[in-house]
Amino acid sequence: MNRQNDTLVPRHILVTGGAGFIGANFARWVARRYPTTHITVFDALTYAGKRDNLAGIPDDALTFVRGDICDADAVDAVLRPTAADACASGHTPPAVDAIVHFAAESHNDNAIADAAPFLRTNVIGTYTLLEAARRYDIRFHHISTDEVYGDLPLDGVERFNEDSAYRPSSPYAASKAASDHLVRAWHRTYGVRATISNCSNNYGPYQHVEKFIPRQITNILCGLRPKLYGDGHAIRDWINVEDHCSAIWAVLTRGTIGRTYVIGTDGEMSNAQVLRAILRAMDRPGDDFEHVTDRPGADRRYALDAARITAELGWHPRHADFEQGLESTIRWYVDHPQWWRGDKAVTERRYARQTGERS
Ligand code: NAD
Ligand code: DAU
């Protein structure tokens, strides 16, 4: 790693899941600000990943490897230091000095329909990466979610922080909680230099149309009515993906090894409020949506207290104005129909099957 402005800047990071929503935003964020950091994206390109999400990152700053994090040989091949690393020829990226682990099955509705891929990728995949990080003594940052803490009452003021108990309530959240526990255990038992961050709901460009905000935007653009689960009172704590990226960088480069950092920007809003904001921004009547059956066991409220990362690492969000962030997100989907149109039909067919099974 190089030292720059009192920060350890990695020379080469491996970004797992870097062709997905947050991973691609992170790779782009790093490439813009730290052009001397080489980025290797390791991604299986499941339905949720697109190689094109990385378009525009200069070729000499990016290596793309299609691979599965559960495949120990493929993971080893990308992390094993080579002779070229030892002599640092300048033509070959130096050995990876940090893994930033995003790769996951990430969607709750899919996990409710079939949890098996979640256990495989989120648990076995994380284990496979941790073993490689241990073997080669590579710094490891694990991207996790606030859902590991379960949910809060709708009418309360309590918020989750790093000391909150693990109480995952959905199959997806349970798989992420398991992966967090593995990271903690590999740090304590084997000394893996690991950190974890648990973030709230992200929004922004490149988010798959299965997720709440892009689903409603693209429904409106396709002439379909937005779909609100249950009564719409459930609360999520929204964060602009750019702020998540800067927080991850802060933890990766300045965080204390062995620590967890909660990431949020005080963005609590009910699903109904978010949907109304989308309808307003897209000039639709406020009641132009339909209610559909909620998820079984649906979480009510998430809310995070990000005091630790602010106090310890001096991190502050720069995009906390939700209405503004939502408008630029809507503009991105309006301007990139070719990015989402193919996925839209497939996703809505999947939803029709899943909601049919639930009701
Ligand atoms: P995503 O579904 O958009 O992307 C996941 C990426 O991982 C895809 O590119 C996919 O191809 C890849 N992938 C899946 N299985 C893989 C495997 N076995 N091997 C290699 N690559 C594989 O997910 P996202 O929303 O960008 O979430 C990224 C991470 O952030 C996840 O770990 C998720 O739990 C966490 N997180 C997400 C949010 C959110 O609001 N989206 C909030 C907090 C934490
Ligand atoms: O909190 C962090 C988590 O946020 C991440 O760990 C997950 O990877 C990410 O997918 C997200 O999970 P949620 O389940 O909260 O996000 P989703 O966008 O799927 O749904 C947000 C809320 O909107 C939730 O209460 C369900 C509701 N919803 C969702 C869809 C797809 C609707 O009302 N209508 C919809 O069509």
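An account of the accompanying structure is given in this report. (Residues numbered from 1 in each chain as written. Chains lettered and ligands numbered in written order. Predicted model: local features only at pLDDT ≥ 70, side-chain atom pairs only at ≥ 80, totals over all residues. Heavy atoms only, no water.)

Before going further, it helps to examine the packing of aromatic side chains. Tallied over the full model, the rule gives 16 aromatic pairs. Note on Y34 and W249: the rings are 4.3 Å apart at their centroids and 20° apart in plane angle, and the pair reads as stacked. Linking Y34 in the loop between helix 1 (21–33) and strand 4 (38–43) with W249 in helix 8 (residues 241–254), this pair joins segments that are 215 residues apart in sequence. Exposure remark for Y34: the relative accessible area of 18% places this residue in the buried category. The buried category is assigned to W249, whose relative accessible area is 3%. Clustering of aromatic rings is evident, with ring pairs tying together Y206, W332, Y333 and W339. We note K50 situated over the ring of W339; from NZ or CZ to the ring centre the distance is 4.9 Å. (Phe/Tyr/Trp six-rings, centres within 6.5 Å; stacked < 30°, edge-to-face > 60°. Helix = DSSP H or I, 4+ residues; strand = E, 2+ residues; numbered from the N terminus. Buried < 20%, exposed > 50% of the residue type's maximum accessible area, 1.4 Å probe, protein only. Lys NZ or Arg CZ within 6 Å of the ring centre and 35° of its normal.)

Once that is clear, we can look at the sheet that holds strand 13 (residues 260–263). The sheet built from seven strands is open, its strands ordered 5-4-3-6-7-8-13 with parallel pairing. Edge strands, defined here as strands with exactly one partner in the open sheet, are strand 5 (62–66) and strand 13. For this sheet the average axis-to-axis angle between neighbouring strands, irrespective of direction, equals 20°. On top of the sheet, helix 6 (residues 171–190) reaches strand 7 (139–145), strand 8 (194–199) and strand 13; it is set at about 155° to strand 7, its chief contact. Helix 8 rests against strand 3 (12–16), strand 6 (98–101), strand 7, strand 8 and strand 13 of the sheet, and its axis sits at about 145° to strand 7. (Pairing = 2+ DSSP bridges. Axes fitted to C-alpha atoms, helices over the stretch in contact; angles between N-to-C directions. Contact = heavy atoms within 4.5 Å.)

Attention now goes to the site of ligand 1. Neighbouring ligand 1 are 28 residues, the closest being I22, D43, S106, Y172 and K176. The separation between a nitrogen atom of ligand 1 and a polar main-chain atom of A44 is 3.1 Å. N202 is positioned such that a nitrogen or oxygen atom in its backbone is 2.9 Å from an oxygen atom of ligand 1. Here ligand 1 loses 96% of its free accessible area of 840 Å² to cover by the protein chains. (Near = heavy atom within 4 Å. Polar contact = N/O pair within 3.5 Å; in protein donor to acceptor, adjacent residues only side chain to side chain. Areas by Shrake-Rupley, 256 points an atom, 1.4 Å probe, with all protein chains shown as cover.)

When you line up the elements, H142 lands in strand 7. On the basis of relative accessible area, H142 is assigned to the buried category, the value being 0%. A distance of 3.1 Å separates the side chain of H142 from the side chain of S179, its partner in a polar contact. Only 3.1 Å separates the side chain of H142 from the side chain of D180, close enough to count as a polar contact. Those residues in contact with H142, other than ones at most four positions away along the chain, are H101, T126, K176, S179, D180, V183, T195, I196 and S197.

Tracing the chain through its elements places S144 in strand 7. Here the side chain of S144 touches N198 through a polar contact of 3.4 Å, side chain to side chain.

What follows is about the environment of P285. As for its position among the elements, P285 is in the loop between helix 9 (271–281) and strand 15 (290–292). Between the C-alpha atom of P285 and that of V183, which follows or precedes it by 102 residues, the distance is 47 Å.

Moving on: the packing of helix 7 (residues 212–222) against helix 9. Taken N-terminus to C-terminus, the directions of helix 7 and helix 9 make an angle of 35°; their axes are 10 Å apart at the nearest point. For the crossing formed where helix 7 meets helix 9, the hand is right-handed. When helix 7 is examined against helix 9, the residues F212, I213, Q216, I217 and I220 are found in contact with a partner set consisting of N271, V274, L275, I278 and L279. Grouping the amino acids of the contact of helix 7 with helix 9 by side-chain chemistry returns eight nonpolar, two polar and no charged. (Left-handed = near helix turned anticlockwise from the far one by under 90°. Nonpolar A, V, L, I, M, F, W, Y, C, P; charged D, E, K, R; others polar.)

The subject of this paragraph is helix 8. End to end, helix 8 covers 20 Å across 14 residues, agreeing with the expected 20 Å (1.5 Å per residue, within 8%). Burial analysis of helix 8 places 13 of its 14 residues in the buried class, the great majority of the element. (Expected span 1.5 Å × (residues − 1).)

With that out of the way, let us pick up the pattern of salt bridges. Per the stated rule, a full pass over the model turns up 22 salt bridges. Between R284 and D288 there is a salt bridge, and its shortest N-O distance comes to 3.8 Å. Since its relative accessible area comes to 37%, R284 is described here as partly exposed. Each of D76, R80 and R135 takes part in salt bridges that share partners, so that together they form one network. (Salt bridge = Lys/Arg side-chain N within 4 Å of Asp/Glu carboxyl O.)

In terms of nonpolar packing, the biggest core is built from 51 residues, with F26, I39 and I213 touching the most fellow members. If we ignore the near neighbours within four places in the chain, the residues touching I39 are H12, I13, V15, A27, V30, A31, A61, L62 and T63. Counting residues in hydrophobic clusters, the runner-up holds 21 residues, among them L14, F42, V75 and I196. (Core = buried A, V, L, I, M, F, W, Y, C linked by side-chain atoms within 4.5 Å.)

Looking now at the site of ligand 2. Close contacts around ligand 2 come from 23 residues, with T145, D146, Y172, N201 and R295 the closest. Between ligand 2 and the protein, one listed contact pairs an oxygen atom with a side-chain N or O atom of D146 at 2.5 Å. Looking at the shell around ligand 2, the elements that each hand over two or more residues are helix 7 and strand 10 (227–229). When grouped by side-chain class, the residues that make up the shell around ligand 2 number seven nonpolar, eight polar and eight charged.

Here we come to unusual backbone geometry. A positive phi angle, close to 70°, is found at Y206, a residue other than glycine. Within the element layout of this structure, Y206 appears in the loop between strand 9 (202–203) and helix 7. With a phi close to 60°, D283 is a non-glycine residue in the positive phi region. Within the fold, D283 resides in the loop between helix 9 and strand 15.

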